[in-house]
Amino acid sequence: MQEGKVLPAAQINRDLLRSILETPQWFWPVVSLLGAIVLAAAITIGIMINTGLGITGLNYKVVWGFFITNFVFWIGISHAGVMLSAILRLAKAEWRRPATRAAEVLTIFSLMTAMIMPIIHTGRPWRILYWAFPYDFARGIWPNIRTPLVWDPSAILTYLTSSTLFVIIALVPDFAVLRDRTTGWPKLVYTLLAMGWEGNPRQWKLQIIAGVLLSALILPVFVSVHSIVSWDFGMAVAIKSWHSTVFAPYFVVGAVHSGVSAVVFAMILLRWAYGWQDYIRHEHIDALGRLLIVVATGWFYFLVMEIIFGIYGLEGDELAVRALQFLPGDYGVAYNVWMIVFVGITYFLPVILWLPKAWRRNLWIMSAACISVNVGMWLERYLLFVPGQANKQFQTFTWNDYLPQWPEALIVGATFAFVSMLMLLFSRVFPLVPLYDIKEGDILRTEIQVGRRTVPATFRED
Amino acid sequence: MATQAILGLFDDAAAAADAGDALKSAGIPESDYNFLTDVPYPEGALGEGMERHRLYVWPLLGGAIGLIAALVVGGLTEMAVPMTIAEKPILAMPPLSVMCYTGALLGAILFTIIGLIVALRPNVGIGLSDDRISQGLVGLLVNADAEQRSQVTDILNQAGAVDVKAGS
């Protein structure tokens, strides 16, 4: 799968650094618009802190609503970075090259966004310090390390630290290229970041080995982060439909499903915005489409298993939640309709769109399929968390539904603007497609004769 | 004796490797010259020796330190605040193992970065360089003393250098 032509290194530099050395006309208006949305959300958060969570739709029964749904959604998106970068790097998949950096950066910004959600969800965000960093000797407040709510911040902060360092190490050779092409204070900054990079064999060897080591070390973190996020729910004995042993793999595979779909959509947008047709090619989108069929089917298996595990025990409380999820009832919110929509747009519609090769190479169809997956995966989390809380539970006598209000809707919507804005700002100062990775792919490329055909091939070093 | 940096630029990796061999034959030790490239060439492609390193040791060391730190912090916290939950033990191993897993990985990752920085020996200033290296040319940077300057320049030119530059 080597469809593109070999480009001169000078052209690769020019094309991939264009977003940094030249500012497109649309750039600042788009960033300003996204910034305005983020500002509106920040003001809303301020109002929410001042007046209390009463202005949201959260209530006595449903305490984890839009914010926690959005938290899990963004944690899921963050799994694309490691999936694409670390696994494909270790597997030496040639088509990973243009996708890795965008995926890794999306990981960092998604994690940062995800972490905001539980903090504002507490209502009094400063108190989270007592919970996540709780060594308040004076007041005798200590952490209960038996709860996943303490494991969660430690795992997420480990993942954020690892991903950030991973990106920085991969960026060092590109910092050196920028150092040689800028003047003034940008040159000073790139010089410091490049740490004296010259590109000698020793530096390259250490950089590659560090990349391999970090890839191998981040993979277990990647698996543990979403497992621990799933335990926030899976270890809650009191809420039926949450207490499931299948949650950890189900969440991890779901995260890869939504994350890789998000990366595909981001790559299509970047290709269009910066004219990177020679770098993000149809073959790359095609390969990711095929990968997504496998991931989506794995995710669908776990979805079915999660439902079967719930029903199999025939516990009355559990069956009541399942009835709320799947059967029409006298509730304000028709969860069963949303369930049908969610399964349709998360699995059946996108997989049908990904099956024909011609459709996988159609960027409009791929964009539609990937957006569909992510809308569906957001709904999945909502439908997984809210009905279990809304249902009547042991020793409680209230039934409450959850109707999100404008503050939640605005804040959740603004998180998409926030991540988009951060991605755009990153592309303004650092290359979103790794220069040396693309050039390395070109120098290792060759053609071999197989019978009467000449086919493209790639050298690989063990 | 004062040395001067001389940079030969080659448009072909094989020519640069030949120039390296010629320098070696002329008695210039490998430690006095270095190849500069904008991509990682397969090891030995430029005729350079195998680079030795101990980067693998760092994540092992970091993992051990992270594991011990998580064990101590987590265990001491549990014992310092003996919260009795049902009949579960005060020192609960399953949660502690989760903390240890995360701690070990965080330690391994942080120490990998520390090890890389130590091995790279970062230096903000760079020696003689040329922007054309980032455009695909292979650089051969030689530190030559006064007696060797003309000989090195000749070797680089004879090997097919497209340009030879001398530092101050």
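Residues numbered from 1 in each chain as written. Chains lettered and ligands numbered in written order. Predicted model: local features only at pLDDT ≥ 70, side-chain atom pairs only at ≥ 80, totals over all residues.

(A) Looking closely at the overall build of chain A. Secondary structure assignment for chain A yields 16 helices and 2 strands. Seen along its three principal axes, the alpha-carbon backbone of chain A occupies a region of about 70 × 60 × 40 Å. A buried classification covers 45% of the 462 residues belonging to chain A. For chain A, restricting intrachain contacts to residue pairs at least 6 apart in sequence, the fraction spanning at least 24 positions comes to 78%. (Helix = DSSP H or I, 4+ residues; strand = E, 2+ residues; numbered from the N terminus. Buried ≥ 20, exposed ≤ 12 C-beta atoms within 10 Å, placed from the backbone. Contact = placed C-beta atoms within 7 Å.)

(B) Structural detail: the environment of Leu410 of chain A. In this fold, Leu410 of chain A is placed in helix H15 (residues 406-429). Leu410 of chain A sits 181 residues away from Val229 of chain A along the chain, and the two C-alpha atoms are 24 Å apart.

(C) Broad picture of the nonpolar core. The biggest cluster of nonpolar side chains holds 166 residues, and the ones touching the most others in it are Ala102, Leu106, Val260 and Val263 of chain A together with Leu140 of chain B. At 15 residues, helix H3 (residues 66-90) of chain A tops the list of elements feeding residues into this core. Every residue in contact with Leu106 of chain A, bar those within four places of it in the chain, is listed here: Ile77, Ala80, Gly81, Ala262, Val263, Ala266 and Met423 of chain A. (Core = buried A, V, L, I, M, F, W, Y, C linked by C-beta atoms within 7 Å.)

(D) Up close: the sheet that holds strand S4 (residues 163-166) of chain B. Residue and element names in this part refer to chain B. Pairing is antiparallel in the open sheet, where 4 strands are placed in the order S2-S3-S1-S4. Taken across any chain shown, the strands that pair with only one partner, and hence form the sheet edges, are strand S2 (33-36) and S4. Geometrically, the sheet is characterised by an average inter-axis angle of 20° between neighbouring strands, direction not taken into account. Summarising the sheet, S2 and strand S3 (residues 138-145) pair through 4 bridges and their orientation is antiparallel. Bridge pairing in S3 links Tyr33 to Val142. Relative to S3, helix H1 (residues 13-25) is tilted by about 15°, and along the sheet it contacts strand S1 (3-10), S2 and S3. Of the strands in this sheet, S1, S3 and S4 are in contact with helix H4 (residues 149-158), which crosses S1 at around 5°. (Pairing = 2+ DSSP bridges. Axes fitted to C-alpha atoms, helices over the stretch in contact; angles between N-to-C directions.)

(E) Quick look at the packing of H3 of chain A against helix H14 (residues 363-390) of chain A. All names here are of chain A. For the pair H3 and H14, the least separation of the axes is 9 Å and the interaxial angle reads 135°. Classed by the angle they form, the pair H3 and H14 counts as oblique. The crossing of H3 and H14 is right-handed. In this structure, H3 contributes Ile68, Thr69, Val72, Phe73 and Gly76 to the contact, and H14 contributes Met377, Trp378, Arg381, Tyr382 and Phe385. Residues belonging to the contact of H3 with H14 are distributed by class as follows: 7 nonpolar, 2 polar and 1 charged. (Parallel < 35°, antiparallel > 145°, perpendicular 65-115°, else oblique. Left-handed = near helix turned anticlockwise from the far one by under 90°. Nonpolar A, V, L, I, M, F, W, Y, C, P; charged D, E, K, R; others polar.)

(F) How the structure looks around the interface of chain A and chain B. Residue-level contacts link 46 residues of chain A with 49 residues of chain B. Sorting the residues of the side of chain A that touches chain B by element identifies helix H1 (9-21), helix H6 (148-179), helix H7 (184-194), helix H8 (201-234) and helix H16 (435-443) of chain A as the ones contributing at least two each. Among the elements that take part in the side of chain A that touches chain B, H8 of chain A stands out by supplying 15 residues, more than any other.

(G) Looking closely at H15 of chain A. All names here are of chain A. The terminal C-alpha atoms of H15 lie 35 Å apart, and with 24 residues this matches the ideal 34 Å at 1.5 Å per residue to within 8%. Residues of H15 that are buried: Pro407, Glu408, Ile411, Ala414, Thr415, Phe418, Val419, Met421, Leu422, Met423, Leu424 and Ser427. Check the buried side of H15 and you find it contacts H1, helix H2 (27-51), H3, helix H4 (100-121) and helix H9 (247-274). (Expected span 1.5 Å × (residues − 1).)

(H) The arrangement of the packing of H3 of chain A against H4 of chain A in detail. Residues and elements named next belong to chain A. Contact geometry for H3 and H4: axes closest at 7 Å, N-to-C directions at 160°. In terms of orientation, H3 and H4 fall into the roughly antiparallel class. The crossing of H3 and H4 is left-handed. Looking at the contact of H3 with H4, its residues break down into 16 nonpolar, 9 polar and 1 charged.

(I) Layout of the pairing of S1 of chain B. Residues and elements named next belong to chain B. As defined by bridge partners, S1 adjoins S3 across 8 bridges and the pair is classed as antiparallel. Note that in S3 the partner of Phe10 across the bridge is Val138. Where S1 and S4 come together, 4 bridges link them in antiparallel fashion. Looking at the pairing, Ile6 lines up with Ala166 of S4.

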